[in-house]
Amino acid sequence: MEHQTHQSIKSPRLIMAIVWPAFLMACVSCGLLFSLIDPLDLILFGEKFSMSSQAGYTLGFVLFWFLGCVASTITVVLLVKPR
């Protein structure tokens, strides 16, 4: 029974070890990128970005958060010892 309790505590901690650093880096990345570039000035595949600024900020944040999650997941996988 003790093993199940330990396992249930471990899983949310691993998830937070992935999601929290990725969130912080998404905040920093969006702040840096969008302080230099306005989303309305972006050109994608030869056409001007046709969404609102808020949609551009949101899309950029979600993209940076996803990339941060991928990087954090790779780190966690490399650090977790096999049984």
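Numbering of residues starts from 1 in each chain and follows the order in which that chain's sequence is written. Thresholds applied to this predicted model are a pLDDT of at least 70 for local features of residues and 80 or more for the giving and counting of side-chain atom pairs; totals over whole chains, interfaces and linings are not thresholded and use all residues. In computing side-chain properties, one takes all heavy atoms of the structure into account and sets aside hydrogens as well as water.

1. Some thoughts on the overall build of the protein
Piece 1. For helices the rule is a DSSP run of H or I covering at least 4 residues; for strands it is a run of E covering at least 2, with both sets numbered from the N terminus onward. What the protein contains, in helices and strands, is two helices and two strands.
Piece 2. When its helices and strands are written in sequence order, the protein yields α-β-β-α.
Piece 3. The burial tally for the protein puts 16% of its 83 residues in the buried class.
Piece 4. Residue contacts follow a heavy-atom distance rule, with two residues in contact if any of their heavy atoms lie within 4.5 Å. Contacts in the protein between residues at least 24 apart in sequence constitute 65% of all its contacts with a sequence separation of at least 6. Accessibility here uses a 1.4 Å probe with only protein chains present; expressed as a share of the type maximum, an area under 20% marks a residue as buried, one over 50% as exposed, and anything in between as partly exposed.

2. Section: helix H2 (residues 53-79)
Piece 1. Here H2 contains 27 residues, and its C-alpha end-to-end distance of 39 Å stays within 8% of the 39 Å for a straight helix at 1.5 Å per residue.
Piece 2. Three or more residues of H2 are buried, namely Gly56, Gly60, Gly68, Cys69, Ser72 and Val76. To estimate how far a helix should reach, multiply one less than its number of residues by 1.5 Å.

3. Quick notes on the environment of Met51
Piece 1. You can see Met51 is positioned in the loop between strand S2 (47-48) and H2.
Piece 2. Judged by its relative accessible area of 43%, Met51 falls in the partly exposed class.
Piece 3. As a C-alpha pair, Met51 and Leu40 span eleven residues in sequence and 7.5 Å in three-dimensional space.

4. Focus: the packing of aromatic side chains
Piece 1. For this analysis, a ring pair means two rings from Phe, Tyr or Trp (six-membered ring only for Trp) whose centres lie within 6.5 Å, classed as stacked if their planes differ by under 30 degrees, edge-to-face if by over 60, and tilted for the remaining angles. This structure, assessed with the given rule, holds five aromatic pairs.
Piece 2. A ring pair is formed by Phe23 and Trp65, whose centres lie 5.3 Å apart and whose planes are at 65 degrees; its orientation type is edge-to-face. With Phe23 in helix H1 (residues 2-36) and Trp65 in helix H2, the pair connects residues that are 42 residues apart, well separated along the chain.
Piece 3. Taking the relative accessible area as the measure of exposure, Phe23 reaches 28% and is therefore partly exposed.
Piece 4. Residue class for Trp65 comes out partly exposed when judged on its relative accessible area of 28%.
Piece 5. An aromatic cluster is built from Trp20, Phe23, Phe61 and Trp65, whose rings are joined through pairwise contacts.

5. Regarding the side chain of Ser72
Piece 1. Here Ser72 shows up in helix H2.
Piece 2. Judged by relative accessible area, which is 13%, Ser72 ranks as buried.
Piece 3. Apart from residues lying up to four places away in sequence, Ser72 is in contact with Ala17, Ile18, Pro21 and Ala22.

6. Focus: the environment of Asp41
Piece 1. Its location among the elements puts Asp41 in the loop between H1 and strand S1 (43-44).
Piece 2. Here the alpha-carbon distance between Asp41 and Ser53, two residues twelve residues apart in the chain, equals 9.6 Å.

Function cannot be inferred from these measures alone, as they are strictly geometric.
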